[in-house]
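# Coordinate analysis (summary)
Here's the letter readout for the chains.
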2 protein chains.
Amino acid sequence: MARVSLKDLAKHLGLAEGTVSRAMNNYPDISMATREKVKKAADALGYRPNNTARRLATGRAEAVAYLMPTSHSAISTPFVSQLLQGLGDALAMRGWDLMVVQPQAAEDELETLRKLVASGKVSGVVMSRPSKSDSRIEFLKKSGFPFIVHGRSRDAEGYAWYDVDGRQAFADAVDHLASLGHQRIGFIGAPSYLNFAQDRVDGYKDGLVANGITFDPDLISVTELTDEGGERAALDLLNDTAPPSALLCVNDVQAIGALSAIRNKGLVPGEDVSVIGYDGVWMGRHTNPPLTTLAQPQAHSGRQLGDMLLSIIDGGNPTDFQVLRRAELVRRKSDGPPRALTPKIQTNSREEIS
Amino acid sequence: MARVSLKDLAKHLGLAEGTVSRAMNNYPDISMATREKVKKAADALGYRPNNTARRLATGRAEAVAYLMPTSHSAISTPFVSQLLQGLGDALAMRGWDLMVVQPQAAEDELETLRKLVASGKVSGVVMSRPSKSDSRIEFLKKSGFPFIVHGRSRDAEGYAWYDVDGRQAFADAVDHLASLGHQRIGFIGAPSYLNFAQDRVDGYKDGLVANGITFDPDLISVTELTDEGGERAALDLLNDTAPPSALLCVNDVQAIGALSAIRNKGLVPGEDVSVIGYDGVWMGRHTNPPLTTLAQPQAHSGRQLGDMLLSIIDGGNPTDFQVLRRAELVRRKSDGPPRALTPKIQTNSREEIS
DNA sequence: AGCTATTCCGAAACCGCTTTCGGATGCAAG
DNA sequence: CTTGCATCCGAAAGCGGTTTCGGAATAGCT
């Protein structure tokens, strides 16, 4: 039951440790015969190399870390488990390990990263949700440590990333809404230090100018990435004197909150006011009404991220690994042409205001 | 920029490596003075101990692994990211690492576990979603390796676990429904090799006998843990000649699917047929109608699991760590008294059947 | 048979840190 | 001026592998 070490194995075979080691690792200078013999004995005795020792000796960690996003109301990070799964698959191909590390509240996340890199525990890092100008990215670039970003910062130069084009997506969404006849399109956003949030407002504005609609700052409301956030923001916008006829939300969970807000105001989402979300979470099919959204092609993002990171660790040039995917508008029932202002809405607004 | 090793530090200070090491680790036989001096020099030079070397020397892994559930349609495992977060927090208190490992498709999960235990990479394991009689648990028990289970198997003896009492919960739910007047209560379940699925049917049956309702096997439908699964199963049950007036679902995502099925049949959930789910996912607040559910107190389960595992690794007796929490019925709008059979329903049923 | 070229394996150093053990030093007590 | 005890620190032996280097044995050639 005690663990068998290389030494045990060697003694058992009457060979030197070094020989056994090389046999196990398929060195060319070991005869086919002894190589076979060693391997057979190895799994007869149930030998498992001690990974820690191996790591120390080789200097390779054979592991990568996933840096958990900091703002993690589980609700806003349903993608984590999918991503980890994909990452795990990619790493498993080589028998590498996956560590997840969480910035400690006490120390800043940069310090967490520093320690991680210095510890030698992993040979690469993948991180999510970069901010507009992300100090973690700067640090990693400078250090030369292999890494890849899920998303990207404002300045996306000089490192590897995998992202979905939120800017394009929101421009598309505005196009769509405008073609439906909407002129007053509201935007529910997230704090713009998050780069994806910035991207998406940018897209929203792009779409506005492309359709000759002048930008009205009153039509934007920034809030948290939760359902309650979306609810509050929607209420805000809708209670305005000149409310929007459509709401673009920075993600689906906000959009779902917005749907509730609209219904609570006695209006019907998709008819009185259109709502479009972003992400394509499965729940969108079951909301009331089913949510029109910009769906990310995120099925295999984890796997991709993993493969790319591995290539970089192997010496690939990080800048060769920058992939931008496109989101797809999936129309369900929460969007439609604007309704002419009916007494109902006006009455309602007045009531809320007075 | 090159990494500074213990040796460098020692040379720099004119001390022996051993001394420096003991100073860093607060050995009592190092004078306060040199201890201070060493530590100051350490972070002046930016010394970070190489974790791999430390592990090899001490024999402690200072890391635990989370065994990902195998059946992971991201949709059915939204809890993973929360759990990992909690685990991470618990481990961070000691500076330990968290590894996530995924059973490889090629080899069975037992083999994955064997390798993990033998590799010495971690000093403990937490696993989720045990089956009724789980070979992983048997293996771990036999091996004496520290572990804890999120959930439990049929025979919950001799190991540590943290679970929510699904049996009790479903009995409660039946009580509730019965008190509302329901007599034909349907059950949408999951494959019963999953122990939690078994628990919940058991609870369902308990509830039935407690309320003097005779069990009708036609009122049970087993399906996958997805929204489509719930949808299909609900349709099945509802199209029967004597359809149930209420549906108990093994989890919320199925319940959400069931809601859709009911609406698609032209019935109104919560009035024509009641639906109760299990889990308490945030989405339940936004479904149509809002979903009544048995909410798990899962907020800090990860943290708890982690703390318990750590205690076991420290030598605690696993059987001292078995905690059973209770789920809470949160009433929203998807349940209500049964409606007397109206022409509408009868017509509908006939139409579907013919 | 004699010599060089291969093939295969053993010996030993090393990876970076921990920990035991004993020696040196300083100080109080005898 | 010893003897006795703490107190501190240095030396060295691991932890369990990998990898370089060189030597022995075998094979190939003339």
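Okay, the sheet that holds strand β9 (residues 274-279) of chain B next. Residues and elements named next belong to chain B. Strand order across the open sheet formed by six strands is β7-β6-β8-β9-β10-β12, with mixed pairing between neighbours. The sheet is open, and its two edges are formed by β7 (220-222) and β12 (328-330), each paired on a single side. Across the sheet, the axes of successive neighbouring strands diverge by a mean angle of 20 degrees, strand direction being ignored. The pairing of strand β10 (residues 292-295) with β12 spans three bridges and is classified as antiparallel. Across the sheet, the residue bridging to L294 is L329, located in β12. Its contacts with the sheet place helix α9 (residues 195-210) against β6 (185-189), β7, β8 (246-249) and β9, and it is angled at close to 170 degrees to β6. Against the sheet, helix α11 (residues 252-264) touches β6, β8, β9 and β10, its axis set at about 160 degrees to β9.

Turning our eyes to something else, we now look at the protein's contact with DNA strand D. Taken together, the neighbourhood of DNA strand D is formed by 28 residues, with L6(A), S21(A), Y27(A), T19(B) and T34(B) sitting nearest. Interatomic distance of 2.3 Å between a side-chain N/O atom of Y27(A) and a phosphate oxygen of DNA strand D. Between a base nitrogen of DNA strand D and a main-chain N or O atom of A53(A), the distance comes to 3.4 Å. Secondary-structure elements contributing two or more residues to the surface near DNA strand D are α2 (17-24) and α4 (51-58) of chain A together with α2 (17-24) and α4 (51-58) of chain B. Looking at the surface near DNA strand D residue by residue, the classes come out as eleven nonpolar, ten polar and seven charged.

For a regular strand, the rule is simple: side chains alternate between the two faces of the sheet. Residues and elements named next belong to chain B. Going residue by residue along strand β4 (residues 147-150), you find F147 and V149 tucked away on one face and I148 and H150 tucked away on the opposite face as well. Two elements, strand β3 (residues 125-128) and β4, share four bridges in a ladder whose sense is parallel. Pairing of V126 across the sheet is with I148, part of β4. The parallel pair β3 and β4 is bridged by helix α7 (residues 135-143), and the resulting crossover is right-handed. Bridge count between β4 and strand β5 (residues 160-164): three bridges; the pairing is parallel. From the neighbouring strand, V149 faces β5, where its bridge partner is W161.

All names here are of chain A. For T223, the location among the structural elements is in the loop between β7 (220-222) and α10 (227-238). In terms of polar contacts, T223 uses its side chain to reach the backbone carbonyl oxygen of G229, at 3.4 Å. Here T223 is in contact with I188, G189, A190, P191, G229, G230, R232, A233 and Q254, once residues within four sequence places are set aside.

Both copies of the chain are tied together by a single rotation about an axis and a shift running along it. With an RMSD of 0.2 Å, the fit of chain A onto chain B corresponds to turning through 180 degrees and sliding 0.2 Å along the axis. Accordingly, the operation relating the two chain copies is best matched by a two-fold axis. Nearest to the rotation axis, the C-alpha of M99(A) is located 2.1 Å from it, this being the minimum over chain A. Most of the interface of chain A is mirrored in chain B, where 100% of its interface residues again form contacts.

Before going further, it helps to spend a moment on helix α12 (residues 301-313) of chain A. Helix length check: α12(A) (13 residues) gives 18 Å between terminal C-alpha atoms against 18 Å at 1.5 Å per residue, within 8%. Within two residues after α12(A), G315(A) carries a phi angle of roughly 115 degrees, on the positive side.

Next up on the list: the confidence of the model for chain A. All names here are of chain A. Within chain A, residue pLDDT values average 90, and 93% of them lie at 70 or more. Helix α13 (residues 343-353) is the least confidently modelled element of chain A, averaging 40 in pLDDT, while strand β8 (residues 246-249) averages 98, the highest of any element. Note that residues 341-354 has pLDDT below 50 and, in this model, eleven contacts with residues that lie over four places away or in other chains.

What counts as what
- Residues numbered from 1 in each chain as written.
- Chains lettered and ligands numbered in written order.
- Predicted model: local features only at pLDDT ≥ 70, side-chain atom pairs only at ≥ 80, totals over all residues.
- Heavy atoms only, no water.
- Pairing = 2+ DSSP bridges.
- Helix = DSSP H or I, 4+ residues; strand = E, 2+ residues; numbered from the N terminus.
- Axes fitted to C-alpha atoms, helices over the stretch in contact; angles between N-to-C directions.
- Contact = heavy atoms within 4.5 Å.
- Near = heavy atom within 4 Å.
- Polar contact = N/O pair within 3.5 Å; in protein donor to acceptor, adjacent residues only side chain to side chain.
- Nonpolar A, V, L, I, M, F, W, Y, C, P; charged D, E, K, R; others polar.
- Buried < 20%, exposed > 50% of the residue type's maximum accessible area, 1.4 Å probe, protein only.
- Right-handed = clockwise from strand over helix to strand, strands pointing away.
- Least-squares fit on C-alpha atoms with pLDDT ≥ 70 in both.
- Expected span 1.5 Å × (residues − 1).
- pLDDT = per-residue confidence, 0-100.

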